[in-house]
Amino acid sequence: MSDSDTPRSSAGDDLDPQDWDTLREHWRRFVDLGVTHLEGIRGQPVWRPIPEQTLHLLARDLPKTPVSLETLYQEFSKLCLPYGNGNTHPSFFGWVHGGGNVYGAIGEMCAAFMNSNAGGRDHVAIHIERQVLRWCRELFGYPADSSGLLTSGTSMATLIALAVARERACQPHVAKTQGLKAFPHALTGYCSQECHHSVAKAFQLLGLGEDALRVVSVDESHGIHVPSLAARIAEDREQGHVPFVVITTIGTVNTGAIDDVPAVLDLCQQEGLWVHVDAAFAGALALGKKYRHCFDQVGQADSIAFDFHKWFQVPYSVGGLLVRDAQAHMHTFGSRKDYLATESIGLAGGQPWFCDFGPELSRSSLAIKVWFTLRALGGERIGAMADRHCDFAAGLARRIEDNPDLELLAPVRTNIVCFRYLHPDEELRDAFNRALVSHLQFTGRAAPSTTRINGSLAIRIAIVNHRTRMEDLDRMVDDVITLASHLSQPSLTDLLRPTHWHLMHGGDARLLVDPATGLNRYGCAPFLREHAYTFASSTATSVSGHAYEHADIDRQKLLHAAWEADAFLDVAREHAQGLCGDIARILGIHDLAPEIRLSPSGTDSQLHVMAALATIVDRPLISLVCAADETGSGTPFSVTGRHFDATTALGAKVPKGEPLRGMPYIGFHGEPLHDATGRLRGIDEVDGAIEQKVAKLIQDGQHVVLHAMDYSKLGCWSPSRHALERLHDRFGAHMTVIVDACQLRIDQEDLRQHLAKGFIVLVTGSKFFTGPPFSGAAIFPRAFDQRLREDGRDLPAGVADYLPGADLGSWHGKLAEATNRPFNSGAYLRWRAALAEMQRYYSVPVEYRCQALDSLCAGVIEAVGRHPFLELLFLEGESYFERTQWLGRELSSRRTIIPFLIRDEAGYLAESRVKCLYELLNRDLTMMLSDQMPHKMGPEAHAIAAQACHIGQPVKIAGRNTAALRISMGARAVAEHWQGHPQGYLQSVAGELKQVEMILRKIGLCLEYRLC
């Protein structure tokens, strides 16, 4: 390479600012921003949720070009600083988080200026860390020749300490070079049930396994029960295990308890065991006067771990470790490569290096902020603060014990207070206190956390922040008492119940779970059922973990919003409107401004629509139901304005079969898809019959309510799109069209066209989109809703038994009694779960959704077609196999319900046998089959028999004594495999077909052994 080819650098090629004066100006602004924030911290909320808009603004692609410091200043001040952890606030009492301090923050900034790698070599950051460790030896009584290092926290310090203990327990070099497999005995360690979880994680990471960590009971003070510890060690020795370490705690994270360290030391000396002291947060007590005696013998322990970022108030994150046996410590981690050779002098000097005492070679200079903190504040001031916090805790405990509505759940030894509010309903007590904590956090009043004490949920107050005063604790107790009295209102109490309870209520008895099976009458559950193979989207599906989480969050948000509100009805109304807005947005109809009326089910929606029509239509009404033989059993009642059950979803007792109060007589005509012999009528034949009937009814002076079937139980439709258009064009003024799209296998294009023509559309979130059963909605075109609102007449009074005031929307004022009805939280949460599934489905690019549906449906059809006992109800090329007239090219045009008949050597199975088969598929049949099989069940047959398989419920075939079962594709089968990119997506989706094969094999097994 010639000189002319050699790259040259110039000013500005480095990463330094070109204008240092501008940098200084902005630097001062950033520092001033932080100082002002801390100075006024009392006037701010403790914590606040991050708005969705803020998260959206933070979610940017990798920057390719720079932004100005002014931009960074604005973004940090508006998008970051207001939404911190909250632990700098004096009313932050959660977990054990230190409040930091401004001097440590200056130290952190100065350390960043130096940008030192404290892994080794000879520079000042190394010497500052050594100085800090000398202070630690002095504080905890460790000898001058002991080793130590600063870490990210006690979790890492404990991992390092236990690695040294493990190495000493094994033969020389065994664990380090050959691993634990070369050691002939199982190592066991011991801790109390109050020990921090980081110890268990350390056992996992060190290859010991969490089971090797023996958890010992505690005494009345919640310290480790030493006699039980001795007994467990003896038991393990008898079984041939090798006990090697005991972890004892000063300041347990749950209650602040202190183990009897001298007794543990005596026992371990007798047993020859390593003693590790966990002083993660309570180490600062050694600086004070009241608890200094608890550390008198700590220096005899083999190791101690502690956090500076907790009670010492050093900014996050920094912890420390001391080990008595420096040689064992260095032996465990000391290892060098040629490029890490040390020298006696120069930059490569400074032995030993800190990288020889832990796993990290690259280490930030953690010591400088500790050095700044201890130098600026002094140990006496920090120790006095810790003692003061313990006095606060004792005062808080006394106040709790003096209040009959509060209960102290654990002795207060140091700075942690665990208590609860005594809600009168013991079943709701845990949920009540959990909600109290969440609400304190959400409203920014205070930030306690929760834990469990002897099985009971506790409000846990850890007093760690140096800014905390007794008045902050008193205010927190006052808030708990005030909020508790508000939450005790009956209208809010049910929102404390778990989300699965709500998913079972606000529908009908079919939602209730049978304790024996854990399933409702739909064969599904209101909680995660991962083990089941589920293709039941034509009927009902167990809720997914993804959907349940969204519903649970929604329940809590509704609870907290209602808690703060003066009028709960307003909160429920706003919540319902928010759900309706989300439905419209996800379905792509938001710009049409439709009025959406939520309901528990499609049948309820039919009743709502008929009530609206009865209000504004003057002519006699008659409902003409298309595909009447493939609709729900309640349809003949609901479309004629009659009660379809003896109890409504709101719990009102009503006379089944009788008209709603105020509802006029409504006639009924059903047009079936099958004739009396069970033959499926042709599309043109059904269309002709419908058109002829509509014309006759209108000629007789009636207003026809045409209930068009968009997608029936077996995947059919009635009338055809062209016939529906002809009817609308010809009879629009004397006919109202209600499109039953409750399967929601419809695309945006068709949904929009229906609304544009003035059709009312009924949908549910529980079919294709696999939300929990009983989530319905009626979508009214804007013009229809406006007409109803302008009409001076009220809705039939009986609708109030079905429609609570919160769900009235624009119908507010037309149904006075509805305001007295409770809101339907179950319907809300089921819709939220369904919306989560809808959102997840539509996040998959459309081309991949279509490919996945095609692959799955074709695979099912092929598998059913070659099964010896099954017969497809619809074959490609036949009527009703696929829809070509619809505008949408995704769900509207695809057959995603695959129905089939079952036969044996005697012919088609009777309807009762099909029902029996359906129920057996969803059960573990191993016990039943073991009695039937003449020989022992093999592993393959056992797996088939044990597998729970949930498919679509049987559909009776009119005129024939049989019924069809259905394997139905749902949104979940498409969406849950998408990982944000197409790589491997379709291969993952294809795994669903293996589950289908298992379902079909189980059908064969049931038939082979005549189980039904």
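Since this is a predicted model, take the numbers as computed values, not measurements.

Further remarks concern the packing of helix H20 (residues 602-616) against helix H25 (residues 782-790). Across the interface, H20 lies against H25 with an axial gap of 10 Å and an inter-helix angle of 55°. Taken together, the axes of H20 and H25 lie oblique to each other. Pair H20 / H25 crosses with left-handed handedness. Of the residues in H25, those in contact with Ala612, Leu613, Thr615 and Ile616 of H20 are Phe784, Arg787 and Leu788. By residue class, the composition of the contact of H20 with H25 is five nonpolar, one polar and one charged.

If you walk across this open sheet you meet the seven strands as S1-S7-S6-S5-S4-S2-S3, and the pairing is mixed. Taken across any chain shown, the strands that pair with only one partner, and hence form the sheet edges, are strand S1 (147-151) and strand S3 (213-216). Strand after strand, the sheet turns through a mean of 20° between neighbouring axes, direction not considered. Pairing between strand S4 (residues 242-249) and strand S5 (residues 274-279): five bridges, direction parallel. Looking across to S5, one finds that valine 246 is bridged to valine 275.

For the rest of this paragraph, the subject is the UniProt feature "modified residue: N6-(pyridoxal phosphate)lysine" (unreviewed entry) in the chain. The UniProt feature table records "modified residue: N6-(pyridoxal phosphate)lysine" (unreviewed entry) at Lys310. Within the element layout of this structure, lysine 310 appears in the loop between strand S6 (303-307) and strand S7 (319-323). Owing to a relative accessible area of 16%, lysine 310 belongs among the buried residues under this scheme. Excluding anything up to four places from it in sequence, lysine 310 contacts Val96, Gly98, Ala280, Phe281 and Val464.

This part covers the sheet that holds strand S10 (residues 449-453). Pairing within the open sheet is antiparallel, and its four strands lie in the order S8-S9-S11-S10. Looking at which strands have only one partner, the edges of the open sheet turn out to be strand S8 (406-408) and S10. On average, each strand axis in the sheet is inclined to that of its neighbour by 45°, with strand direction left out of account. Of the pairings in the sheet, the one linking S8 to strand S9 (residues 416-421) comprises three bridges and is antiparallel in character. Counted as the bridge partner of leucine 408 is phenylalanine 419 from S9. Each of S8, S9 and strand S11 (456-462) touches helix H15 (residues 470-487); the most contacted strand, S9, lies at about 15° to it.

According to the stated counting rule, one finds 51 salt bridges in the structure shown. Salt-bridge contacts for arginine 24 lead to aspartate 21; the nearest nitrogen and oxygen are separated by 3.1 Å. Residue arginine 24 and its partner aspartate 21 are both found in helix H1 (residues 20-39); the two are separated by three residues, about one turn of the helix. Judged by relative accessible area, aspartate 21 falls into the exposed class, the value being 55%.

Turning to the nonpolar core, a few remarks are in order. Formed by 153 residues in total, the largest nonpolar core has its most connected members in Ile461, Leu598, Val694, Leu706 and Ile967. For this core, the element with the most residues is helix H32 (residues 985-1008), which contributes ten residues. Contact partners of isoleucine 967, with chain neighbours within four places excluded, come to Phe535, Val860, Val864, Thr896, Ile897, Ile898, Phe900, Ile951, Val996 and Leu1000. Ranked by size, the runner-up nonpolar core spans 101 residues in total, among them Phe140, Leu206, Val370 and Leu374.

We now examine the pairing of S6. The element S6 is extensively covered by neighbouring structure, given that five of its five residues are classed as buried. In this structure, S6 lies alongside S7, joined through five bridges in antiparallel fashion. Looking at the pairing, serine 303 lines up with valine 323 of S7.

Okay, the domain arrangement of the chain next. For the chain, the assigned domains are domain 1 (108-377), domain 2 (381-488), domain 3 (560-841) and domain 4 (844-1009). On a C-alpha basis, the centroid separation for the pair domain 2 and domain 3 is 49 Å. Contact with domain 2, which involves ten residues of that partner, is made by five residues of domain 3. Carbon and sulfur atoms supply 65% of the area buried between domain 2 and domain 3, which totals about 620 Å² over both sides. Three residues, His439, His486 and Leu487, lead the burial of domain 2 against domain 3; their summed loss comes to 64% of the area buried on that side. Across the salt bridge formed by arginine 445 and glutamate 564, the nearest N and O atoms sit 3.2 Å from each other. The interface formed by domain 2 and domain 3 holds five residue pairs in polar contact (both at pLDDT 80 or more) in total. Of all the secondary-structure elements, those providing two or more residues to the side of domain 2 that touches domain 3 are helix H14 (429-442) and H15. Tallied by class, the residues present in the side of domain 2 that touches domain 3 amount to five nonpolar, four polar and one charged.

Time to look at the packing of aromatic side chains. By the definition in use, this model includes 29 aromatic pairs. Measuring from ring centre to ring centre gives 6.2 Å for phenylalanine 92 and tryptophan 95, while their planes differ by 35°; the resulting arrangement is tilted. The exposure class of phenylalanine 92 is buried, given its relative accessible area of 3%. For tryptophan 95, a relative accessible area of 45% puts it in the partly exposed group. Joined through ring pairs, the aromatic side chains of Phe140, Phe295, Phe306, Phe308 and Phe312 make up one cluster. If you follow arginine 895 out to its NZ or CZ, it ends over the ring of phenylalanine 874, 4.2 Å from the centre.

Time to look at the pairing of strand S2 (residues 187-192). The buried count for S2 comes to six of six residues, which makes it a mostly enclosed element. Burial of S2 is two-sided: the residues Leu187, Gly189 and Cys191 facing one way and the residues Thr188, Tyr190 and Ser192 facing the other way are all buried. The sheet contact formed by S2 and S4 spans four bridges and is parallel. Across the sheet, residue glycine 189 finds its bridge partner in S4, namely valine 245. In the sheet, S2 pairs with S3 via four bridges, with the strands oriented parallel. Counted as the bridge partner of tyrosine 190 is arginine 214 from S3. Taken together, S2, helix H8 (residues 197-205) and S3 form a β-α-β motif whose crossover is right-handed.

Residues tyrosine 316 and serine 317 are joined by a peptide bond in cis, for which omega reads -10°. You can see serine 317 is positioned in the loop between S6 and S7. For the bond from serine 718 to proline 719, the omega torsion is -5°, close enough to zero to count as cis. Here proline 719 lies in the loop between strand S16 (703-709) and helix H23 (721-731). Its identity as a non-glycine residue notwithstanding, glutamine 313 has a phi of 70°, on the positive side. Along the chain, the position of glutamine 313 falls in the loop between S6 and S7. In this structure glutamine 313 comes out as buried when scored by relative accessible area, which is 3%.

So, on to helix H18 (residues 545-564). Between the first and last C-alpha of H18 there are 29 Å, a value that for 20 residues agrees with the 28 Å anticipated at 1.5 Å per step. Every buried residue belonging to H18 is among Ala547, Ala551, Asp554, Arg555, Leu558, Leu559, His560, Ala562 and Trp563, and all of these are buried. Tucked into the core, H18 has its buried residues touching H14, H15, helix H16 (490-493), helix H17 (499-504), helix H19 (568-586) and helix H26 (825-842).

Let's shift gears to the state of the cysteines. Applying the stated rule across the entire model yields zero disulfides. Free cysteine: cysteine 170, not disulfide-bonded; nearest cysteine sulfur from cysteine 268 at 17 Å. Unpaired in this structure, cysteine 580 has its nearest cysteine sulfur neighbour in cysteine 742, at a distance of 15 Å.

Conventions adopted
Residues numbered from 1 in each chain as written. Predicted model: local features only at pLDDT ≥ 70, side-chain atom pairs only at ≥ 80, totals over all residues. Heavy atoms only, no water. Axes fitted to C-alpha atoms, helices over the stretch in contact; angles between N-to-C directions. Helix = DSSP H or I, 4+ residues; strand = E, 2+ residues; numbered from the N terminus. Parallel < 35°, antiparallel > 145°, perpendicular 65-115°, else oblique. Left-handed = near helix turned anticlockwise from the far one by under 90°. Contact = heavy atoms within 4.5 Å. Nonpolar A, V, L, I, M, F, W, Y, C, P; charged D, E, K, R; others polar. Pairing = 2+ DSSP bridges. UniProt positions renumbered as here; feature names shortened; annotations may be inferred. Buried < 20%, exposed > 50% of the residue type's maximum accessible area, 1.4 Å probe, protein only. Salt bridge = Lys/Arg side-chain N within 4 Å of Asp/Glu carboxyl O. Core = buried A, V, L, I, M, F, W, Y, C linked by side-chain atoms within 4.5 Å. Domains from an automatic or database assignment. Buried area = accessible area lost by both parts, 1.4 Å probe. Polar contact = N/O pair within 3.5 Å; in protein donor to acceptor, adjacent residues only side chain to side chain. Phe/Tyr/Trp six-rings, centres within 6.5 Å; stacked < 30°, edge-to-face > 60°. Lys NZ or Arg CZ within 6 Å of the ring centre and 35° of its normal. Right-handed = clockwise from strand over helix to strand, strands pointing away. Expected span 1.5 Å × (residues − 1). Disulfide = S-S within 2.5 Å.

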